[in-house]
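Report on the structure
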Amino acid sequence: MRSLIRSSALVVLLCLNACGSDDDEDQRSTTYLSPQARRELEALGVEGYRGKARITETVSKGDATRVTYDPASGPICLWGEPYGAFYIDRGSDKTMLLLDGGGACWTGFCAATPEAEETVSLMGPAVQDPGNYFSDWNVVFAPYCDGSVFSGDNEVAQPDGTTRYHHGRQNLAAAFDLAAEHFGHSKQVLVGGFSAGAYGTLPAMIAARLVFPEADLFIMNDSGAGIQNPAQGADTETRLAEWKYDEVIPPSCTACDGGRAQLSELFSWFLKNDSNVRISILGYYRDGVIGVLFNKFEPEEYERVLKTETGKHAAAYPDRFKRYMVPGDKHVLSSDWLTITADGVKLSDWMGAMAQGNDAVWKDLLATGM
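Along each chain, the written sequence defines residue order, and numbers are assigned to residues from 1. The predicted origin of the model limits local features to residues at a pLDDT of at least 70 and limits the giving and counting of side-chain atom pairs to 80 or more, whereas totals for whole chains, interfaces and linings rest on all residues. Excluded from the side-chain calculations are hydrogens and water; all other atoms, namely the structure's heavy atoms, are used.

Glancing now at the packing of aromatic side chains. Two rings belonging to Phe, Tyr or Trp (six-membered ring only in the last case) form a pair when the distance between their centres is within 6.5 Å. Interplanar angles under 30 degrees mark stacking, angles over 60 mark edge-to-face geometry, and anything in between is tilted. Using the criterion set out here, one finds 16 aromatic pairs in the structure. Here the aromatic rings of tyrosine 133 and phenylalanine 134 are separated by 5.3 Å at their centres, their planes lie at 85°, and the arrangement is edge-to-face. The class for phenylalanine 134 is buried, based on a relative accessible area of 0%. With centroids separated by 4.9 Å and ring planes inclined at 75°, the aromatic side chains of phenylalanine 134 and tryptophan 137 adopt a geometry described as edge-to-face. Exposure categories follow from relative accessible area, calculated using a 1.4 Å probe and restricted to protein chains: below 20% of the type maximum is buried, above 50% is exposed, and the middle band is partly exposed.

Our next topic: the side chain of threonine 68. Secondary structure is summarised from DSSP: a helix means a run of H or I of at least four residues, a strand means a run of E of at least two, and numbering begins at the N terminus for each. Among the structural elements, threonine 68 can be located in strand β2 (residues 64-69). Residue threonine 68 is classed as buried on the basis of its relative accessible area, which comes to 11%. We call two residues contacting when some pair of their heavy atoms lies within 4.5 Å. Leave out the neighbours within four places in its chain, and threonine 68 touches Arg54, Ile55, Thr56, Glu57, Pro82, Tyr83 and Gly84.

Tracing the backbone through its elements, the reader meets aspartate 319 in the loop between α9 (299-316) and β13 (321-326). Residue aspartate 319 is classed as exposed on the basis of its relative accessible area, which comes to 53%. Taking the C-alpha atoms as reference points, aspartate 319 and isoleucine 290, separated by 29 residues in sequence, lie 27 Å from one another. The residues contacting aspartate 319, other than those within four sequence positions of it, are Arg278 and Trp362.

Now for the packing of helix α4 (residues 168-183) against helix α5 (residues 196-211). Axis definition: a line fit to C-alpha positions, over the contact stretch in the case of helices; interaxial angles, taken between N-to-C directions, run 0 to 180 degrees. Across the interface, α4 lies against α5 with an axial gap of 11 Å and an inter-helix angle of 30°. Between α4 and α5 lies a crossing of right-handed hand. Within the contact between the two elements, α4 uses Leu172, Phe176 and Ala180 and α5 uses Pro203, Ala204, Ala207, Ala208 and Val211. For this classification, the nonpolar set comprises Ala, Val, Leu, Ile, Met, Phe, Trp, Tyr, Cys and Pro, the charged set comprises Asp, Glu, Lys and Arg, and every other residue, Gly included, is treated as polar. Taken together, the residues of the contact of α4 with α5 sort by class into eight nonpolar, no polar and no charged. Handedness of a helix crossing follows the sense of rotation of the near helix relative to the far helix, less than a right angle counterclockwise being left-handed and clockwise being right-handed.

The next point concerns the nonpolar core. Definition used in this section: a nonpolar core is a set of buried Ala, Val, Leu, Ile, Met, Phe, Trp, Tyr and Cys residues joined via side-chain atoms within 4.5 Å. In this structure, Tyr83, Met205 and Ile279 are the most contacted members of the largest nonpolar core, which totals 71 residues. For this core, the element with the most residues is α5, which contributes ten residues. Dropping the residues within four chain positions of it, methionine 205 is found in contact with Leu217, Ile219, Leu266, Phe267, Phe270 and Ile279. One finds Phe86, Phe218, Leu333 and Ala367 within the second-largest nonpolar core, a separate group that totals 36 residues.

For the rest of this paragraph, the subject is the pairing of strand β6 (residues 109-112). Two strands qualify as a pair provided DSSP detects at least 2 bridges between them. Relative to β6, strand β5 (residues 103-106) is paired through four bridges, and the arrangement is antiparallel. From the neighbouring strand, cysteine 105 faces β6, where its bridge partner is cysteine 110. Between the end of β5 and the start of β6, which pair antiparallel, lie two residues, with glycine 108 showing a positive phi angle near 100°.

Our focus in this paragraph is the pairing of strand β10 (residues 188-194). With seven of seven residues buried, β10 lies mostly within the body of the structure. Burial along β10 is two-sided: the residues Gln188, Leu190, Gly192 and Phe194 and Val189, Val191 and Gly193 are all buried. Sheet topology note: the strand β4 (residues 94-99)/β10 ladder contains six bridges and is parallel. Across the sheet, the residue bridging to leucine 97 is valine 191, located in β10. Taken together, the seven bridges between β10 and strand β11 (residues 216-222) define a ladder with parallel strand orientation. Opposite leucine 190, over in β11, you have phenylalanine 218 as the bridge partner. Handedness of the crossover joining β10 and β11 through α5 is recorded here as right-handed. With its strands directed away from the observer, a crossover is right-handed exactly when the path from the first strand over the helix to the second travels clockwise.

Hydrogen bonds between backbone groups are what pair the strands of a sheet, and the pairing can be parallel or antiparallel. Read from one edge of the open sheet, ten strands run β1-β2-β3-β7-β4-β10-β11-β12-β13-β16, paired in mixed fashion. Single-partner strands in this sheet number two, and they are β1 (55-61) and β16 (365-366). Bridge count between strand β12 (residues 277-284) and β13: six bridges; the pairing is parallel. Its bridge partner being in β13, leucine 282 is matched across the sheet by tyrosine 324. Packing of α4 onto the sheet brings it into contact with β2, β3 (84-88), β4 and β7 (138-142), and relative to β7 it is tilted by some 165°.

Quick look at the state of the cysteines now. Criterion for a disulfide: a pair of cysteine sulfur atoms within 2.5 Å. As enumerated under the stated definition, the model contains three disulfides in all. Across the disulfide from cysteine 105 sits cysteine 110; the S-S distance is 2.0 Å. Taking the sign of the torsion about the S-S bond as the criterion, the disulfide between cysteine 105 and cysteine 110, at about -105°, is left-handed. Accessibility expressed as a relative area gives 1% for cysteine 105, which makes it buried. A residue is classified by how much of its surface remains accessible, and cysteine 110, at 46% relative accessible area, is partly exposed. When the cysteines of the chain that form disulfides are numbered from the N-terminus onward, they connect as 1-4, 2-3, 5-6.

Next comes the structure, spelled out in C-alpha cells:
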C-alpha cells in the first residue's frame, strides 16, 4: 500500500512539473503580456469579433489567396460593399500582417476608400527582393475600406437614407482569423500599417499579441503615429461618437484620456504591459496628408507635435521604440522601401535590423538629410 501511495505521489509530482495545471498553461501562453493587461482587454471584449466572419468566396490570385466575407457576418466596407482579405503562404514560421491605407470618414469630412482592393499591394516589407529581410515571410494583407482606421464599430445613418458602416474592428478581426488559421504557429510576427493602416496598428498590435501570445512581436507604423490635433477637438469628438473606438481603449491608459488625448499614448501603455514587442515609427516630418489634410496642422506645428509626442515614448523605452523620420511633406515612406536612405541608413536595412535585434543599425533616427 505504501509503495502504491509513493508511486501515485510520484506520478502527481511529475505531472505537476511536466504536465502543468490549466492555470500554469494559461500563464505560459501569456508570457509576454501582463496578466493584468490581459484581464483588462478581456473585460473590454477586444476579441469579441474573432471567429465570427463567414467566408463566401475563396479565389487564387497568383501566389495570393483572396477571401470574401458575408457582410451580414460583420466585415463590410464603408458604404456596404463586401470586404475581402488576402493571405500568402511562403512556408515560413514568420508572418507579417499588413494594414493598407486609404483616408478616413466622419461627419464634416469624408475622403476614404469605399471598396476593398482586389489585389495585394506588395509594398514595404512585402516587397519580393533578395535585399529585403522580410521577403520570405508569410503575408496577411488587410485592405482598407471602413473609413475608421480599423478601429470603428458603428453604423451611421446618412441624411439621404444610406448607411455608413464603420466596421473596422470586424474587418481587422477577420484578417486576424486568417492569420490564426494559416499561420498560428508563427514564431515572429510583424504588424505593419500604412497611413490609415498605420493608425490601425494601435488596435492591431494588441490583437496580434492575443493571437500570437508567444511570438516575437514587431510593429511598423508608417505615416500614422497616432497624432491628433488638440485644436480640432470637435473633429475628435465626432470621431469618438461615430467610430466608438474609445470602447477598446484600456482604462489603465490614463494618458489616453478615453481617446481624446494623443492616440500614440497607447504605444507606451503596450510597451509597459508587453515585454517582447518592438515598435518602429516611420514618417515625414511635415506629412502633407496626415499632418495637414486630415489633422489640419500647419506643417511646422505638425513636425513639432510629431517629434514631441513620439519622443516621449522613445525616451521611456529607448531599446524598444525607435523612429525613422525624414524631412519633407511626402506621405508613406514604404513606397520607396528599397531605395530611401536617411543619414546613410537604408529604410529596408533599418527595419530588418529591428527584427534581427541589430541595435547598431536599428537606432532612433531623426534624419537631417536624405
